[in-house]
Amino acid sequence: MVWTGTWVAERLGVELIGGEELPALLGLALRRNPKRAHLLVSSVLGKHVPQRPSVVYGSGLGLGVRVRELLGDEEAARSVVLGYAETATALGHAVADGLGLAPYLHSTRRPVAGVARAGGFEESHSHATSHLLLPEDPKLLAGGGPLVLVDDEFSTGNTVLNTIRDLHARYPRERYVVVALVDMRSTADLGRLDAFAEEIGARVDLISAAAGTVRLPEGVLEKGQALVAEHEKAYGEKAAVTGAREPVRVTLDWPEGLPDGGRHGFTPEHRELLEAALPDLAAGLGRALETAPGADREAPRTPGGRGGRGGRGGRGVLVLGFEELMYAPLRLATALEETGHDVHYSTTTRSPVLAVDDPGYAIRTRLVFPAHDDPADGPGERYAYNVAGGGFDAVVLVVDSAADTPELHAPDGLLAQLAAHVPRVVLAVVPSYAPTPVPSYAPTAVPSYKPTVSEDPEALEAPEAPERSSMLPEPLRGPAFSSYAPEEVGWLLQDLSGVELEAPTEEREEAIQSGGAHYAESLPVEYQPSARYQDLFHSALEGSAARIARAVGTVTETVLAERPGRSPVLVSLARAGTPVGVLMRRWAKARHGLDLPHYAVSIVRGRGIDANALRWLAAHHDPADVVFVDGWTGKGAITRELAEAVKEFEATEGIAGFDPEIAVLADPGSCVRTYGTREDFLIPSACLNSTVSGLISRTVLRSDLVGPNDFHGAKFYRELAGSDVSVAFLDAVAARFDEVTEGVDLDVKELLAADRTPTWEGWAAVERISEEYGIHDVNLVKPGVGETTRVLLRRVPWKILAKRGADADLAHVRLLAEQRGVPVEEVDELPYSCVGLIHPQYTRGATGADGKAVVSQ
């Protein structure tokens, strides 16, 4: 038999590495997803590939038995099982059944009015990422027993670790068990689980049916997207179906009070109630199949279809579930199978996957139809895979009553699509379970959550849920992301290292100035310093380390003095602010024994700060404790950008308390109140790009890569590790802390007594220069040593203005200007050491001051 991953493997070079059982459990397909090209398609999950219900249910039951053996009966009885929507809802149910003693809850993407959120998280690689936890009983997750987390696939581990971290902050416990059909972690990810367990101080076990890994060649994402584009038009055309037979509707005698699934919790008592009702429910389905019209029709087939199935009465039946509603259809299918019918089971899905009619490909056919349950994220396409051409004689579609809508019955709806491909269609509707709200006293890490509690707790009618739960991934940390130690900084970013984002400087400049692209939509090619330039960096660092250390100490002590009795949360503006934030954290620890939290977030001129990062911060810290940190000010554009962004965030989100004031190492533009110095001097971290900033790129904001629920992106340039001086820079400055202590105390005393009101002197100077040099755009005037260096490294410079007599801080600027053929003009009465002028109205035919084209050397 041909392996159902052959087609993808041959075209993309994707390899499945592991035991002999893996190809039998997994096939491969391609997904329409900008974050991950391939999809591991399980043959035993019952989602994309129809499978015997006894096989699907048995796979989960067996894993549940193993969990019970691991925990023992006493701990098993104290445990809670948590499954993931939408793919693993039935798998988690089956694991809970195998465990036998534990209640079950699965995450959901369907908000329910009146039910408080007990948590939430993001699934970073998914097309639809936000997960909610909505237990009817708010105490369900609050116990101290083991939490068993069930997913179909354990690959990077991000989803599971995000969940544990979120819940551990709210409901700490000593033990977690992760359960998956397949453990597909890469070698690099194998140690993350143990490190994470040590970090949170809990035991984390992993149980899987099989283990292996996927080897992805370089460029697989782009190649996969190209293949999808090439083949997409051949499949999934949505069209109205005329003349289709009406389905037979069967009224299920569903037990009163029995939940339709685990969206709000499913207890062992609920399981007993369902088990008792299943024989009668199956009998009702059997009768509906007998009376369904269409017995005279032959099941349509595709060239790769299976043909008709000859179970009892000559019928091959597919029981088709609906997105998160997987368990009820699965149990109905198992009960129908036990009566002697030839039954297969699968469900519809939100996940867009390419269909290719080839025996070596896991997704042979695709039905496309509109969503029919009034989803919270709005209308959109839904899919049923491997149903058309499957040769089924009958299909039993099982939905909950919330999904029995006009869209389901429309001419282009799911029922019509099924009727066009299957002779008999039976519709079984399970009543949607409506929880009864109960008072909630569950802890929350969301500061904006203010439960209304009267003097009489019994008078509380319903829980008041947080306005927004934390549904975002945890910060990225080194060494997996950046060369900084994990405790030095958490990056509230998403990793785009696998995406080609770099463009030649001249192309970027032309696109930016023409309005065809925003500077944050691409990255410049990383500057590789010459040996001479690297020598300048090290000389500058040696000569200025004490000066920088004094500025670090001054700004840190000022921050602490302005917040007596509070513990600041340092939030650097990536990436220039990140080394400064790390140094401020080191100073606070060395001088005061404070272990200050430190994060890096993205802010983009013209687009504002990453609102999702602010949401994450508000969910984990008091916004009033947040101190924004940057390296230096130029004309103050980012200072103004941050103030406007925070104002807009508070107005739209209803989360207040963030102070938009920025603490900087150097404030030559007189734009902020909190600074280490207002001198414009060389900060060596401005000399380089990623190699002095933890090997992290500038941040990226592009709509096809960064969705509305994503952090902004950045790349980790692991390949530049040989040139990395990030930690060397930090260590050189921190080594001078002791010798500058007295000077810092003196500076802080003077600063706290002085009038530090910003004069915006720098902005006035920039406006004057812009007009004087005929540029007429302040965005093309970059004042200060740091900004001038950026112009020379990333943009197309026109000329450099250097303050006469400021040679000590400008050696690297003059070298870069020499290498790029950019003139340096000596200027008197400049409030900065230097100013970089970006070429105005740049095109690749533009000329510089000397009449020659300006190009990168």
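Parameters at a glance
- Residues numbered from 1 in each chain as written.
- Predicted model: local features only at pLDDT ≥ 70, side-chain atom pairs only at ≥ 80, totals over all residues.
- Heavy atoms only, no water.
- Helix = DSSP H or I, 4+ residues; strand = E, 2+ residues; numbered from the N terminus.
- Buried < 20%, exposed > 50% of the residue type's maximum accessible area, 1.4 Å probe, protein only.
- Contact = heavy atoms within 4.5 Å.
- Areas by Shrake-Rupley, 256 points an atom, 1.4 Å probe, with all protein chains shown as cover.
- Phe/Tyr/Trp six-rings, centres within 6.5 Å; stacked < 30°, edge-to-face > 60°.
- Expected span 1.5 Å × (residues − 1).
- Core = buried A, V, L, I, M, F, W, Y, C linked by side-chain atoms within 4.5 Å.
- Pairing = 2+ DSSP bridges.
- Axes fitted to C-alpha atoms, helices over the stretch in contact; angles between N-to-C directions.
- Salt bridge = Lys/Arg side-chain N within 4 Å of Asp/Glu carboxyl O.

**Student:** Quick one: what's the story with the overall build of the protein chain, residue by residue and with numbers?
**Tutor:** The helix and strand inventory of the protein chain stands at 22 helices and 32 strands. Taking all 857 residues of the protein chain together, the buried fraction comes to 60%. Expressed as a percentage of contacts within the protein chain between residues at least 6 apart in sequence, the contacts between residues at least 24 apart total 77%. For the protein chain, the computed accessible surface area is about 32600 Å², with 50% contributed by carbon and sulfur atoms.

**Student:** Explain the packing of aromatic side chains to me, and be specific about the residues and the numbers.
**Tutor:** Inspection of every chain in the model, using the stated rule, returns 10 aromatic pairs. Taking 5.2 Å as the distance between ring centres and 80° as the angle between the ring planes, the aromatic pair formed by W7 and Y361 counts as edge-to-face. Here the residue W7 occupies a position in helix α1 (residues 6-12), and Y361 occupies one in the loop between β13 (342-347) and β14 (366-370), the gap between them amounting to 354 residues. Each member of the pair, W7 as well as Y361, carries the same accessibility label: buried. Between F481 and W491, the ring centres sit 6.0 Å apart and the planes meet at 75°, which makes this aromatic pair edge-to-face. With F481 in the loop between β17 (424-430) and β18 (490-491) and W491 in strand β18, the pair connects residues that are 10 residues apart, well separated along the chain. Judged on exposure class, the residue F481 and its partner W491 are both buried. One aromatic cluster is present, formed by F481, Y484, W491 and F716 through successive ring pairs.

**Student:** Account for helix α6 (residues 158-170), naming residues and giving values.
**Tutor:** Across its 13 residues, α6 extends 19 Å between first and last C-alpha, which sits within 8% of the 18 Å expected from 1.5 Å per residue. For α6, the buried fraction is high: 10 of the 13 residues fall into the buried class. Those residues of α6 lying buried are T159, V160, L161, N162, T163, I164, D166, L167, H168 and R170.

**Student:** Please provide a residue-by-residue account of the nonpolar core, values included.
**Tutor:** L30, V81, V148, Y361, V396, L397 and L418 are the most contacted members of the largest nonpolar core, which totals 136 residues. It is helix α9 (residues 268-291) that contributes the most residues to this core, 8 residues altogether. With sequence-adjacent residues up to four places away left out, L30 is seen in contact with W7, V8, L12, A37, G224, L227, V228, V353, L354 and Y361. In terms of nonpolar packing, the next biggest core, distinct from the first, is built from 58 residues, W491, V499, W632 and V733 among them.

**Student:** Kindly report on the environment of V629, identifying the contributing residues and their values.
**Tutor:** Its location among the elements puts V629 in strand β25 (residues 626-632). Relative accessible area serves as the criterion here: at 0%, V629 is assigned to the buried category. Those residues in contact with V629, other than ones at most four positions away along the chain, are L570, V571, S572, L573, G577, V580, G581, M584, I662 and A663.

**Student:** Mind laying out the side chain of T556, listing which residues take part and the relevant values?
**Tutor:** Turning to its location among the elements, T556 is positioned in helix α14 (residues 531-561). Look at T556 and you get buried, because its relative accessible area is 3%. Residue contacts for T556: discarding those within four places in its chain leaves M584, W587 and A588.

**Student:** Before we move on, can you summarise the sheet that holds strand β5 (residues 104-106) with the specific residues and values?
**Tutor:** Strand-to-strand pairing in sheets goes through backbone hydrogen bonds, with the strands running parallel or antiparallel. With respect to topology, 6 strands assemble into an open sheet ordered β1-β10-β9-β8-β4-β5, the strand pairing being mixed. Taken across any chain shown, the strands that pair with only one partner, and hence form the sheet edges, are β1 (15-18) and β5. In this sheet, neighbouring strand axes are inclined to one another by 25° on average, regardless of whether the strands run parallel or antiparallel. Examined bridge by bridge, β1 and strand β10 (residues 203-215) share 4 bridges and lie antiparallel to one another. Of the residues in β10, the one forming a bridge with L16 is V214.

**Student:** Talk me through the pairing of β25; I want residue IDs and the actual numbers.
**Tutor:** Judged by how many residues are buried, β25 sits mostly within the fold: 7 of 7 residues are covered. Judged from the 4 bridges that link them, strand β22 (residues 569-574) and β25 form a sheet pairing that is parallel. When the bridges of β25 are listed, V569 appears paired with V626.

**Student:** Account for the pattern of salt bridges, naming residues and giving values.
**Tutor:** One pass over the full model with this rule turns up 43 salt bridges. For the salt bridge of K799 with E825, the shortest nitrogen-to-oxygen distance reads 3.7 Å. Taken as a pair, K799 in strand β30 (residues 797-803) and E825 in strand β31 (residues 824-827) lie far apart in primary sequence, 26 residues in all. Judged by its relative accessible area of 12%, K799 falls in the buried class. One network of salt bridges, with partners in common, ties together D97, R271, E275 and R331.

Geometric descriptors of this kind do not, in isolation, establish any biological role.
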